[in-house]
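An overview of the molecular structure
Residue strings, one per chain:
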Amino acid sequence: IEKVLESLRIDDNVLRQIMQLLEREIDAGLSPATHPTADVKMFPTYVRNTADGSESGQVLALDLGGTNFRVLLVDLKPPSDPGLTSKIFVIPQSIMLGEGANLFRHLADCLLDFMNREKLNKPGVRYPLGFTFSFPCKQEGLASARLSSWTKGFTCSGVVNEDVVKLLQTAIDEKGINVQCVALVNDTVGTLMACAYKDPYTEIGLILGTGTNACYVEKLDRVGTWDGDYNEPKQVIINMEWGAFGNNSRLNHIRTKYDEEVDLSSVNPGKQIFEKMISGMYMGEIVRLIIIDLMQLDLLFIGHREGYADYSTPLFTRGGFYTKYVSTVEIDEGIGFSNTRRVLEDIGIRNPTYDDCAIVQHICKNVSRRAARLAGAGLAVLINRINKPKVTVGVDGSVYRYHPRFGRNMEKCMQVLVNKNIKFALKLADDGSGIGAALTFQLSVSDDGSGKGAGLIAVVAERYLKRISQWNDNNQKRTR
């Protein structure tokens, strides 16, 4: 069993090699010469300012990332935490597969419904809106982005290569809604922004859920692909799209046969290699493949093989071992293994022995620990690159939130890999005090990261646009 699991173990020296590889990929993504062929795309988001906790007022956010989407009202009243009102709406399949104009009309209809419900249609008030749009986009400005391709079951016609903010604003204006979309962001940037509102040291946003991605604040003089102005602040948030790290075979030396099988049976073979070793969409499948391998080697469920010959059970079905099962199994402590037994029964294993349960838990721990260490190494690259005395990482996503050890395993390896000159503390959303003094960076769980963050970005964007407008007015007065 240990021989099988040994392939999942990555020591600190190998993690340091991976960090050097990621650093090179970051530079390739930021350079205009190598950006077109780079795997880690390092897209400038055009978000230059982060929230500082002084923002106030009511702003709207629209969060579209799948078959459901949310409309949110973010009420900023410093120094209190932001108030949040939201409603989830469904996108019917007929709209997901139909004309793009109908999708954006549907979003505008739902926005209007929400505003009527919350009595927000006040004469003379034009609300800023932040749009979280979690599909691949080439951003061309803070409120301008062209859709690269649809994912997640959407095939709306007439949207690919079009500016999705313009399409949304057109639909909003057609309905006579007094709302201006001032920023488009993805969920990592939203998470960074939501954490920055509470913590001024926030420099990084990280998503660890179904997928994984990160963004961070980069100095403009390092961004060769930057095509905007160089006014203050001389920085921009970079959307890394780090899930694609390794697409060029750079991570082949740490990939196992299970990773290769997961990749080959996925909808996008050869793509998102780093993501497939870390995120929730694939972690459970890696565990399932290892369980089957150990069964075939007569190392698991020994003496019960004939009872497990039903190949229609979830154990023998791709995706049948959910990633939530990994968390459930690892929560088990002591000799009862009540959670693990329940999970095994759910996937078609009857009357597992104590040894069976212990082995399955051991597999889960090894798979999730590897994922956490890889994510931790990626964060260490960014923290060392930023190289400020104190850095906060805003984290969101189901894997980080609900897995019992993921955060702890990330922290352990980051303590070794983050430069010692960076002073830090670990701050979790609900319990920030205990372990704080020991670390030199801060991880804080984002509270409704992408939605609230989009609202905050809308406020910051509006504030920035007003400042630019005032600067232009002052310049015109001087020239007169």
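Residues numbered from 1 in each chain as written. Predicted model: local features only at pLDDT ≥ 70, side-chain atom pairs only at ≥ 80, totals over all residues. Heavy atoms only, no water.

The protein carries the name Phosphotransferase in an unreviewed UniProt entry, which gives Adineta steineri as its organism. According to the UniProt record, the Sequence similarities (unreviewed entry) comment for the protein reads "Belongs to the hexokinase family." (UniProt positions renumbered as here; feature names shortened; annotations may be inferred.)

**A few points about the packing of aromatic side chains**
Inspection of every chain in the model, using the stated rule, returns ten aromatic pairs. Geometrically, the ring pair formed by Tyr46 and Trp226 is tilted, given 5.1 Å between the ring centres and 35° between the ring planes. On the criterion of sequence distance, the pair formed by Tyr46 in the loop between strand S1 (43-44) and strand S2 (57-64) and Trp226 in the loop between strand S10 (212-219) and strand S11 (235-239) is long-range, its members being 180 residues apart. The pair Tyr46 / Trp226 is uniform in exposure class, with both members buried. (Phe/Tyr/Trp six-rings, centres within 6.5 Å; stacked < 30°, edge-to-face > 60°. Helix = DSSP H or I, 4+ residues; strand = E, 2+ residues; numbered from the N terminus. Buried < 20%, exposed > 50% of the residue type's maximum accessible area, 1.4 Å probe, protein only.)

**Description of the side chain of Arg373**
Here Arg373 lies in helix H12 (residues 354-386). By relative accessible area, which is 17% here, Arg373 ends up buried. Within the structure, Arg373 has its side chain in polar contact with the backbone oxygen of Ile10 (distance 2.9 Å). A distance of 2.8 Å separates a polar atom in the side chain of Arg373 from a polar atom in the side chain of Asp12. Every residue in contact with Arg373, bar those within four places of it in the chain, is listed here: Ile10, Asp11, Asp12, Leu15, Asn409 and Cys413. (Polar contact = N/O pair within 3.5 Å; in protein donor to acceptor, adjacent residues only side chain to side chain. Contact = heavy atoms within 4.5 Å.)

**Regarding the sheet that holds S2**
One key point about sheets: their strands pair by backbone hydrogen bonds, in either a parallel or an antiparallel sense. Pairing in this open sheet of five strands is mixed, and the strands run S4-S3-S2-S5-S8 from one edge to the other. Looking at which strands have only one partner, the edges of the open sheet turn out to be strand S4 (83-90) and strand S8 (179-185). Each adjacent strand pair in this sheet contributes to an overall mean axis angle of 20°, direction not counted. Sheet analysis places S2 next to strand S5 (residues 127-133), joined by five bridges and oriented parallel. Paired with Leu60 across the strands is Leu129, a residue of S5. Each of S2, strand S3 (68-76), S4, S5 and S8 is contacted by helix H4 (residues 100-117), which is oriented at about 135° to S4, the strand it contacts most. (Pairing = 2+ DSSP bridges. Axes fitted to C-alpha atoms, helices over the stretch in contact; angles between N-to-C directions.)

**So, the pairing of S10**
Within a regular beta strand, the side chains point alternately toward one face of the sheet and then the other, so they alternate between its two faces. With respect to burial, S10 is a largely interior element, seven of its eight residues being buried. The sheet contact formed by strand S9 (residues 202-208) and S10 spans five bridges and is antiparallel. When the bridges of S10 are listed, Leu206 appears paired with Ala214. In sequence, S9 turns back onto S10 through a hairpin of three residues. With five bridges connecting them, S10 and S11 associate as antiparallel partners. Along S11, the bridge assignment pairs Val217 with Ile237.

**Here's the deal with unusual backbone geometry**
A cis amide bond, omega -5°, links Glu232 with the succeeding residue Pro233. Structurally, Pro233 can be placed in the loop between S10 and S11. In this structure, Ser249 is a non-glycine residue whose phi angle is positive, near 75°. The phi torsion at Asn351 lies on the positive side, around 50°, for a residue other than glycine. Along the chain, Asn351 turns up in the loop between helix H11 (338-346) and H12.

**Details of helix H14 (residues 406-417)**
For H14, spanning twelve residues, the distance from its first C-alpha to its last is 17 Å, which sits close to the expected 16 Å at 1.5 Å a residue. Turning to H14, its buried residues number three or more, namely Phe406, Gly407, Asn409, Met410, Glu411, Cys413, Met414 and Leu417. (Expected span 1.5 Å × (residues − 1).)

**A look at the pattern of salt bridges**
Applying the stated rule across the entire model yields 23 salt bridges. In this structure, Arg373 engages Asp12 in a salt bridge whose closest nitrogen and oxygen atoms are separated by 2.8 Å. One end of the pair, Arg373, is in helix H12; the other, Asp12, is in helix H2 (residues 12-30), and 361 residues separate them in sequence. The residue Asp396 makes a salt bridge to Arg401 at a minimum N-O spacing of 3.0 Å. What makes Asp396 buried here is its relative accessible area of 13%. With relative accessibility at 37%, the residue Arg401 sits in the partly exposed group. Three or more residues are tied together by salt bridges with common partners; here these are Glu23, Asp27, Glu218, Arg222 and Arg385. (Salt bridge = Lys/Arg side-chain N within 4 Å of Asp/Glu carboxyl O.)

**Looking at the nonpolar core**
Formed by 95 residues in total, the largest nonpolar core has its most connected members in Leu208, Tyr216, Met240, Ile290, Ile291, Phe406 and Met410. A per-element tally of this core places H12 first, with 17 residues. If we ignore the near neighbours within four places in the chain, the residues touching Ile290 are Val4, Leu5, Leu8, Tyr258, Ile363 and Val367. (Core = buried A, V, L, I, M, F, W, Y, C linked by side-chain atoms within 4.5 Å.)

**A few points about the packing of H11 against H12**
Helix packing geometry: the angle between the two helix axes and the distance between the axes. Between H11 and H12, the shortest axis-to-axis distance is 10 Å and the interhelical angle comes to 90°. What the angle tells us is that H11 and H12 run roughly perpendicular. On H12, the residues that touch Thr340, Arg341 and Leu344 of H11 are Tyr354, Cys357 and Val360. Per-class residue counts for the contact of H11 with H12 are four nonpolar, one polar and one charged. (Parallel < 35°, antiparallel > 145°, perpendicular 65-115°, else oblique. Nonpolar A, V, L, I, M, F, W, Y, C, P; charged D, E, K, R; others polar.)

**Looking at the packing of helix H9 (residues 280-296) against H12**
Viewed as axis vectors pointing N to C, H9 and H12 meet at an angle of 140°, and their least axial separation amounts to 10 Å. The orientation of H9 relative to H12 falls into the category oblique. When you trace H9 past H12, the crossing you get is right-handed. Every residue of H12 that contacts H9 at Met283, Ile286, Val287, Ile290, Ile291 and Leu294 is listed here: Ile359, Val360, Ile363, Cys364, Val367, Ser368, Arg370 and Ala371. (Left-handed = near helix turned anticlockwise from the far one by under 90°.)

**Overview of H9**
Taking 1.5 Å of rise per residue, the 17 residues of H9 would be expected to cover 24 Å, and the 26 Å separating its terminal C-alpha atoms lies within 8% of that figure. Positive backbone phi, at 55°, marks Asp298, one or two positions downstream of H9.

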